[in-house]
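Residue-level structural notes
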Amino acid sequence: DVDDRTWTLIVTFVLFCFFPKYHKPILILHGEQGSGKTTIAEFLKSLIDPGKAGLLPAISDLHRLAIAASRRWVLAYDLSVVIS
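**Observations regarding the overall build of the protein**
For the protein, the helix and strand inventory stands at three helices and two strands. Counted from the first residue to the last, the protein has its helices and strands arranged as α-α-β-α-β. Counting across all 84 residues of the protein, residues that qualify as buried make up 21%. Put simply, 30% of the contacts in the protein that link residues at least 6 apart link residues at least 24 apart. Roughly 6800 Å² of accessible area belongs to the protein as shown, and the carbon and sulfur atoms make up 61% of that amount.

Shown next, in the form of C-alpha coordinates:
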(Lines give C-alpha, C1' and ligand atoms only; values in the text may rest on other atoms or scores of the structure.)
Protein backbone atom coordinates (compact mmCIF):
# COMPACT_ATOMS: atom_id res chain seq x y z
CA ASP A 1 0.00 0.00 0.00
CA VAL A 2 1.60 3.25 -1.16
CA ASP A 3 0.59 6.49 0.55
CA ASP A 4 0.31 9.83 -1.26
CA ARG A 5 3.70 11.11 -0.07
CA THR A 6 5.51 7.99 -1.27
CA TRP A 7 3.71 8.08 -4.63
CA THR A 8 4.67 11.76 -5.07
CA LEU A 9 8.34 10.97 -4.36
CA ILE A 10 8.40 8.08 -6.84
CA VAL A 11 6.74 10.09 -9.62
CA THR A 12 9.07 13.05 -8.98
CA PHE A 13 12.09 10.74 -9.10
CA VAL A 14 11.01 9.26 -12.46
CA LEU A 15 10.27 12.68 -13.98
CA PHE A 16 13.60 14.18 -12.90
CA CYS A 17 15.46 11.24 -14.43
CA PHE A 18 14.33 12.46 -17.87
CA PHE A 19 15.64 16.03 -17.49
CA PRO A 20 19.38 15.96 -18.29
CA LYS A 21 19.81 19.63 -17.37
CA TYR A 22 19.22 19.01 -13.66
CA HIS A 23 21.00 17.03 -10.98
CA LYS A 24 19.80 13.47 -10.70
CA PRO A 25 17.81 12.46 -7.64
CA ILE A 26 18.63 9.56 -5.38
CA LEU A 27 15.75 7.29 -4.44
CA ILE A 28 16.25 4.95 -1.52
CA LEU A 29 13.68 2.22 -1.12
CA HIS A 30 13.51 0.75 2.36
CA GLY A 31 11.13 -1.51 4.18
CA GLU A 32 10.72 -4.94 5.63
CA GLN A 33 11.71 -8.09 3.82
CA GLY A 34 9.00 -9.01 1.33
CA SER A 35 7.62 -5.48 1.06
CA GLY A 36 8.31 -5.20 -2.70
CA LYS A 37 11.47 -3.07 -2.74
CA THR A 38 13.19 -5.20 -5.37
CA THR A 39 10.06 -5.36 -7.51
CA ILE A 40 9.55 -1.58 -7.57
CA ALA A 41 13.30 -1.02 -8.15
CA GLU A 42 13.24 -3.36 -11.16
CA PHE A 43 10.08 -1.66 -12.48
CA LEU A 44 11.51 1.86 -12.10
CA LYS A 45 14.79 0.81 -13.71
CA SER A 46 12.90 -0.66 -16.66
CA LEU A 47 11.06 2.66 -17.13
CA ILE A 48 14.22 4.76 -17.11
CA ASP A 49 17.16 2.60 -18.23
CA PRO A 50 16.96 0.98 -21.69
CA GLY A 51 19.55 -1.65 -20.74
CA LYS A 52 18.42 -5.19 -20.04
CA ALA A 53 20.77 -5.80 -17.11
CA GLY A 54 19.12 -6.39 -13.77
CA LEU A 55 19.83 -4.90 -10.39
CA LEU A 56 23.44 -4.60 -9.28
CA PRO A 57 24.81 -6.45 -6.27
CA ALA A 58 26.56 -4.39 -3.61
CA ILE A 59 30.05 -3.84 -5.07
CA SER A 60 32.91 -3.02 -2.70
CA ASP A 61 35.58 -2.67 -5.42
CA LEU A 62 35.48 0.95 -6.66
CA HIS A 63 36.95 0.03 -10.05
CA ARG A 64 34.18 -2.50 -10.71
CA LEU A 65 31.62 0.02 -9.46
CA ALA A 66 32.90 2.67 -11.90
CA ILE A 67 32.69 0.22 -14.80
CA ALA A 68 29.12 -0.75 -13.87
CA ALA A 69 28.12 2.91 -13.48
CA SER A 70 29.52 3.90 -16.87
CA ARG A 71 27.24 1.45 -18.67
CA ARG A 72 23.94 2.29 -16.99
CA TRP A 73 21.51 5.16 -16.67
CA VAL A 74 20.23 3.94 -13.31
CA LEU A 75 22.30 2.36 -10.57
CA ALA A 76 19.80 0.13 -8.83
CA TYR A 77 21.27 -2.15 -6.19
CA ASP A 78 20.02 -5.34 -4.61
CA LEU A 79 21.82 -5.06 -1.28
CA SER A 80 20.92 -8.60 -0.26
CA VAL A 81 23.73 -9.71 -2.63
CA VAL A 82 27.28 -8.60 -1.82
CA ILE A 83 30.31 -9.03 -4.10
CA SER A 84 33.74 -8.09 -2.77
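Next, the rest of the story.
**Thoughts on the confidence of the model for the protein**
In the predicted model, the protein carries a mean pLDDT of 80, and the fraction of residues at 70 or more is 92%. The lowest-confidence element of the protein is strand β2 (residues 77-83), averaging 64 in pLDDT; the highest-confidence one is helix α1 (residues 4-17), averaging 89.

**Side note on the nonpolar core**
Grouped together as the largest cluster of nonpolar side chains are 10 residues: I10, F13, V14, C17, A41, L44, I48, L55, V74 and A76. Taken together, the elements giving at least two residues each to this core come down to α1 and α2 (37-48). Here this core takes four residues from α1, the largest share from any one element. Residues within four places of F13 in sequence aside, it is in contact with P25, L27 and I48.

**Describing the packing of aromatic side chains**
This structure, assessed with the given rule, holds two aromatic pairs. Note on F19 and Y22: the rings are 6.3 Å apart at their centroids and 70° apart in plane angle, and the pair reads as edge-to-face. Here F19 falls in the partly exposed class, since its relative accessible area comes to 44%.

**Notes on α2**
In an α-helix, one turn spans 3.6 residues; hence positions three or four apart end up facing the same way. Across its 12 residues, α2 extends 17 Å between first and last C-alpha, which sits within 8% of the 16 Å expected from 1.5 Å per residue. Taken together, the buried positions of α2 are occupied by A41, L44, K45 and I48. The arc that holds the buried residues of α2, viewed along the axis, is 100°, so those residues lie on one side. If you follow the buried residues of α2, they end up packed against α1.

**Things to note about the side chain of K45**
In this structure, K45 sits in helix α2. We classify K45 as buried; its relative accessible area is 5%.

How each quantity is defined
- Residues numbered from 1 in each chain as written.
- Predicted model: local features only at pLDDT ≥ 70, side-chain atom pairs only at ≥ 80, totals over all residues.
- Heavy atoms only, no water.
- Helix = DSSP H or I, 4+ residues; strand = E, 2+ residues; numbered from the N terminus.
- Buried < 20%, exposed > 50% of the residue type's maximum accessible area, 1.4 Å probe, protein only.
- Contact = heavy atoms within 4.5 Å.
- Areas by Shrake-Rupley, 256 points an atom, 1.4 Å probe, with all protein chains shown as cover.
- pLDDT = per-residue confidence, 0-100.
- Core = buried A, V, L, I, M, F, W, Y, C linked by side-chain atoms within 4.5 Å.
- Phe/Tyr/Trp six-rings, centres within 6.5 Å; stacked < 30°, edge-to-face > 60°.
- Expected span 1.5 Å × (residues − 1).
- Arc of directions from axis to C-beta.

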